Amino acid sequence: MSSIVIDNGDDSSPPRKLVVLISGSGTNLQALIDAQNTPALPHTSIVLVLSNRKAAHGLVRASSANPPIPTAYLGLQPYLRQNPGKTREDYDLEIARTVMKARPDVVVLAGWMHIVSEAFLEVLKGVRAPPPSTRCDNKGNVDQAEGDGDGDVKPLRPIPVINIHPALPGQFDGANAIQRGYDAFQRGDVDKLGVMVHRVVAEVDRGEPLIVREVPIEKGEPIETYEQRLHEVEWQIIVQATKMVLDEVEPLSHEILNKDAE
Ligand SMILES: Nc1nc2c(c(=O)[nH]1)N[C@@H](CN(C=O)c1ccc(C(=O)N[C@@H](CCC(=O)O)C(=O)O)cc1)CN2
Ligand SMILES: NCC(=O)N[C@@H]1O[C@H](COP(=O)([O-])[O-])[C@@H](O)[C@H]1O
């Protein structure tokens, strides 16, 4: 989907906001952090980094950024343990609520190793409101936060969700794609490998590709050499793709944003 790009270049326009979901080292997140408010991502800030793994180094990258970027952690298994009777979809809705409270323009999955449900995507599209947030203390006591004021998380427009995937479209969907691709090339099963950023749909890694880049690989080279080359391409295209999607949506005026914040 593309629309007329309105780039008024007006610094008075409200800043564009990103939420980034991670699970690990966060080198793609770091590329986005470094690109904030530069010509690569003008007038753009990351307003939340959310991880489903407590030990994700990307959380340190965010909190060490200047200025520090707010972070959140919510793991699936802890959530299910602390909310008996709740489901994986409820977890996804809690993630969606947390994301929407940050009022992003775009959501970037940057090494987010959790398959999100249709329910998550429906909240981001604005066709579904998440149920009242459930919170739990560190003892697992669930505090059903009814009417906690964040019920109005319906977006003013659909929020695009994009993902970086270390394979070419239709190649090695799912987890462990780098190893699977490397092994397939060395076996002679494929003759090219690459990376892409794509829109996120319910079917894993089958959303519309936004940017696709082949990554050169040589027979017999160590996977580490190939992987480093691949990541360096990822760090470029994740920023470029984020800018593409931000440019698809016209910045909301201050008036609209102020009304929304009331
Ligand atoms: N609905 C979608 N969710 C996600 C997509 C997507 O395209 N549609 N992209 C993935 C990212 N990803 C590959 O690019 C990916 C990540 C994780 C998995 C996976 O099998 N996850 C398991 C848990 C694995 C683990 O914890 O190590 C799971 O979710 O049960 C597949 C593909 C992000 N989400
Ligand atoms: N299927 C999703 C997937 O495999 N994503 C991959 O996880 C890595 C995260 O690295 P990072 O945490 O250093 O950004 C990246 O290579 C990304 O393409």
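Treat the numbers as computed from the prediction; the structure is a model and nothing was measured. (Residues numbered from 1 in each chain as written. Chains lettered and ligands numbered in written order. Predicted model: local features only at pLDDT ≥ 70, side-chain atom pairs only at ≥ 80, totals over all residues. Heavy atoms only, no water.)

With respect to spatial proximity, 14 residues lie near ligand 2, and among them Ser 25, Gly 26, Thr 27, Asn 28 and Glu 234 are the closest. Gly 174 places a polar main-chain atom, nitrogen or oxygen, 3.4 Å from a nitrogen atom of ligand 2. Glu 234 places a side-chain nitrogen or oxygen 2.4 Å from an oxygen atom of ligand 2. In isolation ligand 2 exposes 450 Å². Once the protein is present, 88% of that is buried. Residue assignment for the shell around ligand 2 shows that the elements contributing at least two residues are helix 1 (27-35), strand 7 (161-165) and helix 7 (223-248). (Near = heavy atom within 4 Å. Polar contact = N/O pair within 3.5 Å; in protein donor to acceptor, adjacent residues only side chain to side chain. Areas by Shrake-Rupley, 256 points an atom, 1.4 Å probe, with all protein chains shown as cover. Helix = DSSP H or I, 4+ residues; strand = E, 2+ residues; numbered from the N terminus.)

Before going further, it helps to spend a moment on the sheet that holds strand 1 (residues 16-22). A sheet is described by the order of its strands in space; here seven strands give the open sequence 3-2-1-4-7-8-9, paired in mixed fashion. Here the strands that pair on one side only, and so sit at the sheet edges, are strand 3 (71-73) and strand 9 (209-215). This sheet shows a mean twist of 20 degrees between the axes of neighbouring strands, independent of strand direction. Note that strand 7 and strand 8 (residues 193-199) share four bridges and pair antiparallel. (Pairing = 2+ DSSP bridges. Axes fitted to C-alpha atoms, helices over the stretch in contact; angles between N-to-C directions.)

Taken together, the neighbourhood of ligand 1 is formed by 19 residues, with Arg 88, His 114, Val 116, His 165 and Asp 205 sitting nearest. Arg 53 is positioned such that a nitrogen or oxygen atom in its side chain is 2.9 Å from an oxygen atom of ligand 1. For ligand 1, an oxygen atom lies 2.8 Å from a polar atom in the side chain of Arg 88. Protein coverage of the free-state accessible area of ligand 1, which is 700 Å², stands at 78%. The residue makeup of the shell around ligand 1, split by class, is ten nonpolar, five polar and four charged. (Nonpolar A, V, L, I, M, F, W, Y, C, P; charged D, E, K, R; others polar.)

Fair warning: the whole summary comes from geometry, so function is off the table for now.
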